[in-house]
Structure formats: C-alpha cells, structure tokens
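# An overview of the molecular structure
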Amino acid sequence: MKICVSSTGKDLNAEVDQRFGRCQYFLIVDTETMKLKTISNESVMSSGGAGIQAAQIVAKEAVDSVITGNIGPNAFQILQAAGIKVFTGAEGTIKDAIESYKKGTLNETGSANVGSHSGIGGRN
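The structure contained in this document is the topic of the report that follows. Keep in mind that this is a model prediction, so the values were computed, not measured. (Residues numbered from 1 in each chain as written. Predicted model: local features only at pLDDT ≥ 70, side-chain atom pairs only at ≥ 80, totals over all residues. Heavy atoms only, no water.)

### Here's the deal with the nonpolar core
Counting residues in hydrophobic clusters, the biggest one holds 18 residues, and the most contacted among them are Phe20, Phe26, Val58, Val66 and Leu79. Secondary-structure elements contributing two or more residues to this core are β2 (25-30), α1 (50-60) and α2 (73-81). Beyond its immediate chain neighbours, meaning those up to four positions away, Phe26 contacts Cys4, Val5, Phe20, Lys37, Thr38, Ile39, Asn41, Ala54, Ile57 and Val58. (Core = buried A, V, L, I, M, F, W, Y, C linked by side-chain atoms within 4.5 Å. Buried < 20%, exposed > 50% of the residue type's maximum accessible area, 1.4 Å probe, protein only. Helix = DSSP H or I, 4+ residues; strand = E, 2+ residues; numbered from the N terminus. Contact = heavy atoms within 4.5 Å.)

### So, the state of the cysteines
Scanning the entire structure with this criterion turns up zero disulfides. Here Cys4 is not cross-linked by a disulfide; its sulfur's nearest cysteine counterpart is in Cys23, at 6.9 Å. Owing to a relative accessible area of 0%, Cys23 belongs among the buried residues under this scheme. (Disulfide = S-S within 2.5 Å.)

### Here's the deal with α1
Because each turn of an α-helix spans 3.6 residues, side chains separated by three or four positions in sequence point in the same direction. Taken residue by residue, α1 has Ala50, Gly51, Ala54, Ala55, Ile57 and Val58 as its buried positions. Down the axis of α1, the smallest arc covering the buried residues is 155°, so these residues share one side. Following α1 by one or two positions, Ala62 has its phi on the positive side, about 55°. (Arc of directions from axis to C-beta.)

### Some thoughts on the environment of Phe26
Structurally, Phe26 is set in strand β2. A relative accessible area of 0% means that Phe26 is categorised as buried. Sequence spacing of Phe26 and Met1 is 25 residues, and the spatial spacing of their C-alpha atoms is 16 Å.

### Remarks on α2
Buried within α2 are the following residues: Ala75, Phe76 and Leu79. Buried positions in α2, seen along its axis, are confined to an arc of 100° and lie on one side of it. Opposite the packed face of α2, turned more than 90 degrees from it, sit the exposed residues Gln77 and Ala81. In the core, the buried residues of α2 are packed alongside α1, β4 (65-67) and β5 (85-87).

### Some details on the sheet that holds β2
With mixed pairing, the five strands of this open sheet are ordered in space as β3-β2-β1-β4-β5. Both outer strands of the open sheet, β3 (36-40) and β5, are each paired with one neighbouring strand and no more. Neighbouring strand axes in the sheet, compared pairwise and without regard to direction, differ in orientation by 20° on average. Alignment of β2 against β3, held across five bridges, turns out to be antiparallel. Paired with Leu27 across the bridge in β3 is Thr38. Strands β1 (2-7), β2, β4 and β5 of the sheet are contacted by helix α3 (residues 94-103), whose axis makes an angle of about 140° with β1. (Pairing = 2+ DSSP bridges. Axes fitted to C-alpha atoms, helices over the stretch in contact; angles between N-to-C directions.)

All quantities given are derived from atomic positions and should not be read as evidence of function.
Shown next as structure tokens:
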C-alpha cells in the first residue's frame with residue numbers, strides 16, 4: 001500500500017508536518033517494503049491555493065492514504081474525490097506515524113479539521 005505523509009524533512013526520521021498544504025515535503029512510502037520517495041512541495045510558498053496544489057501533487061502519485069497533522073477543506077475535498085483516505089492528528093516522526101497507521105491507531109477523518117488558509121504564516 002502506498003501512503004503519503006506530510007513531512008518537515010526528507011527521511012523517515014523527520015517529523016510529521018502539521019500543515020498538509022504548506023508542508024516542506026511529501027514522503028511517499030510503500031508500507032510493505034518501506035521504499036521511500038521524497039517530493040518537495042512546490043506549493044509551500046504559494047500565495048494562495050496551496051492546499052489544492054498539494055492535493056493535486058499527491059493525487060498524481062496514486063497513493064491510498066494521506067497522513068498529516070491537519071488538512072483544510074479544499075485539499076480534503078480533492079483527496080476525497082480521488083478516493084484517497086485521510087488520517088489527521090499524526091505527530092512525531094514519519095516512522096512513528098507509519099507504525100501507528102499499520103497498527104490502526106490513527107483515525108481516518110471524514111472532513112477537514114482546520115479552516116481555509118490556516119497554514120499561512122506557519123499557523124496550524
């Protein structure tokens with residue numbers, strides 16, 4: 001299964017970025033092999049529409065699920081339309097988040113958990 005985790009860094013020891021649309025990186029992880037693909041988030045400095053752009057980047061990777069701290073309504077809507085499950089509230093390292101996902105201790109979210117533009121200026 002392929003999952004995407006919003007990340008502050010380029011490897012499994014990086015922290016989960018609490019902002020989906022404005023995270024530094026997306027780590028695409030195959031949960032069976034732990035093979036890792038790192039994608040820089042081109043929308044991190046966007047003046048607007050960062051969540052939409054980020055969700056489009058992730059949807060192109062054909063992931064099954066997204067793990068993040070928080071996600072806004074526009075990004076959530078795009079991921080949901082693409083059939084991608086979203087898990088919010090993740091904390092700690094990417095490796096910890098993946099282990100929680102595998103154990104089933106992360107909760108799938110049914111809607112955005114922050115408002116539009118909440119990640120601007122580093123806010124969660």
